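Okay, here's what each chain looks like letter by letter:
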Amino acid sequence: MKYLILLALLFFCFSSLFTQGIQPTGSGTQGDPYQIANLGNLEWISIDTTSWDAHFIQTADIDASDTQNWNGGEGFNTIGINIDFSSHGTPFSGCYNGQNHSIDSLFISRPGIGGQGLFGSIFQATIENLGVVNADVNGLVGVGCLAGGSVFSTITNCFSIGSASGGWQIGGLVGYSAGSNVINCYSDCNVNNNNGDTTGGLIGSNDQSEVHNCYSTGNVNGLRNVGGLIGFSGYTATVTNSYSTGDVNGISSVGGFAGVNAYGSTINTCHSTGNVNGGGETGGLVGRNINLSTIFSCFSTGNVIGSNRIGGLAGTNDYSSITDCYSSGNASGNSA
């Protein structure tokens, strides 16, 4: 009997330790950052919300395949809770430097919950030099393999490989970016959205943000506002020196590079090569270029199929400008 009681106590202690992760070495300051070396350390961050404004460095590649068995099949708990779609959200506001390491086989399945990714929501944060590979992330609103949402933050030298899916604002790397910078990043994710709006190979929604030297190679499937790199780019957003190569499928506002470029936004020196299949307002580069927006020094080479208001380069160009651009793919449908 005593032996059984001892075993039970040991099991309880082990389980309690596991569910709280393993605290990393370091103190979380800029001079002495937390050192993330294994999956237990990563889990500790997701649970200890008091650490979400600290400094972190990753010191090794991390195998996260066991996350498919966590939380009753829901997988990894995100670091940072969505701040745009939850009145009680707490975002990650620290600095995470992956030091060119990766996190392999991250699994998240919460189709009814917004803000899903390794980082659910980041605010005034910095994420750099980090890869998320073989990821499988599913959520409701704001879904990306690296981050569900990024607000006033900087993401540099990061990449994602795998799949992202959900209902609205879905991206291979970041679900939605607001007032942020995404620089020198790429995504090789297949992105799927069969329920809602705004789907992109790299970023779902890009508002008042800068995207520079980025690309995406995965295929993108959505309904409205669907693009090979960005689903919706708006409100003075700027996208430069970037490209997409994946095929894009949608119903309306579908583009090989961006579904929509709107509200004073700019796409400069960019291109797309994937084939585009959409309904209304479908283009090889963008579905809609509207509301005093600008596209220049860009091109598209993919074939375009649509039902109405289609173009080899843009489906529609309303109160906006397209300069020094061209398309070389075949376009079939009604351009009126």
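Above this text is the structure in question.
This text gives an overview of the structure that appears in the document. All figures in this text were calculated on a predicted structure; none of them were measured in a lab. (Residues numbered from 1 in each chain as written. Predicted model: local features only at pLDDT ≥ 70, side-chain atom pairs only at ≥ 80, totals over all residues. Heavy atoms only, no water.)

In the structure shown here, the tally under the stated rule is five salt bridges. Here Arg 288 and Glu 281 are joined by a salt bridge, their closest N and O atoms 3.7 Å apart. Between Asp 318 and Arg 309 there is a salt bridge; the shortest N-O distance is 3.6 Å. Residue Asp 318 is classed as partly exposed on the basis of its relative accessible area, which comes to 29%. Under the relative-accessibility criterion, Arg 309 is labelled partly exposed at 29%. Here the salt bridges do not stand alone but share partners, grouping Glu 281, Arg 288, Arg 309 and Asp 318 into one network. (Salt bridge = Lys/Arg side-chain N within 4 Å of Asp/Glu carboxyl O. Buried < 20%, exposed > 50% of the residue type's maximum accessible area, 1.4 Å probe, protein only.)

This paragraph deals with the packing of aromatic side chains. Under the defined criterion, the tally for this structure stands at 14 aromatic pairs. A centroid spacing of 5.1 Å and a plane angle of 65 degrees characterise the contact between Tyr 34 and Trp 44, whose relative ring orientation is edge-to-face. Note that Tyr 34 is positioned in strand 1 (residues 34-36) and Trp 44 in helix 2 (residues 39-47), a separation of 10 residues in sequence. Of the residues examined, Tyr 34 reaches a relative accessible area of 12% and is grouped as buried. Take Trp 44: its relative accessible area is 8%, and that puts it in the buried class. Centre to centre, the rings of Phe 56 and Phe 92 are 5.9 Å apart; their planes meet at 40 degrees, and the pair counts as tilted. Of this pair, Phe 56 sits in strand 2 (residues 55-58) while Phe 92 is found in the loop between strand 3 (62-63) and strand 4 (95-104), placing the two residues 36 residues apart along the sequence. The residues Phe 56 and Phe 92 share a single accessibility class, namely buried. (Phe/Tyr/Trp six-rings, centres within 6.5 Å; stacked < 30°, edge-to-face > 60°. Helix = DSSP H or I, 4+ residues; strand = E, 2+ residues; numbered from the N terminus.)

Overall, parallel pairing links the seven strands, which are arranged 8-11-15-20-25-30-35 in an open sheet. At either margin of the open sheet sits one strand with a lone partner, and together these are strand 8 (141-144) and strand 35 (308-311). Going from strand to strand, the sheet's axes swing by 5 degrees on average, the running direction of each strand aside. Across three bridges, strand 30 (residues 280-283) lies against strand 35 in parallel orientation. Directly across from Gly 280, in strand 35, lies its bridge partner Asn 308. (Pairing = 2+ DSSP bridges. Axes fitted to C-alpha atoms, helices over the stretch in contact; angles between N-to-C directions.)

Glancing now at unusual backbone geometry. Peptide bonds are mostly trans, and most non-glycine residues show a negative phi. A positive phi angle, near 50 degrees, is found at Gln 124, a position not held by glycine. Inspection of the secondary structure assignment puts Gln 124 in the loop between strand 6 (119-123) and strand 7 (126-138). Unlike most non-glycine residues, Gln 208 shows phi in positive territory, near 50 degrees. Positionally, Gln 208 belongs in the loop between strand 16 (203-207) and strand 17 (210-212).

Counting 65 residues, the largest nonpolar core has Leu 42, Phe 92, Tyr 96, Leu 118, Phe 119 and Ile 127 as its most contacted members. Elements represented by at least two residues in this core include exactly strand 1, helix 2, strand 4, strand 6, strand 7, strand 10 (154-165) and strand 14 (186-192). Apart from residues lying up to four places away in sequence, Phe 119 is in contact with Thr 78, Ile 79, Phe 92, Tyr 96, Ile 127, Leu 130, Leu 146, Ala 147 and Gly 148. (Core = buried A, V, L, I, M, F, W, Y, C linked by side-chain atoms within 4.5 Å. Contact = heavy atoms within 4.5 Å.)

Okay, the sheet that holds strand 21 (residues 230-234) next. Spatially, the eight strands line up as an open sheet ordered 6-9-12-16-21-26-31-36, and their pairing is parallel. Edge strands, defined here as strands with exactly one partner in the open sheet, are strand 6 and strand 36 (314-318). In this sheet, adjacent strand axes meet at a mean angle of 5 degrees when their direction is disregarded. Alignment of strand 9 (residues 147-151) against strand 12 (residues 174-178), held across four bridges, turns out to be parallel. By the bridge assignment, Val 151 is partnered in strand 12 with Ala 178.

Summarising the element assignment, Ser 320 is placed in the loop between strand 36 and strand 37 (321-323). Separated by 3.0 Å, the side chain of Ser 320 and the backbone nitrogen of Ser 293 make a polar contact. There is a polar contact of 3.1 Å between the side chain of Ser 320 and the backbone oxygen of Asp 318. (Polar contact = N/O pair within 3.5 Å; in protein donor to acceptor, adjacent residues only side chain to side chain.)

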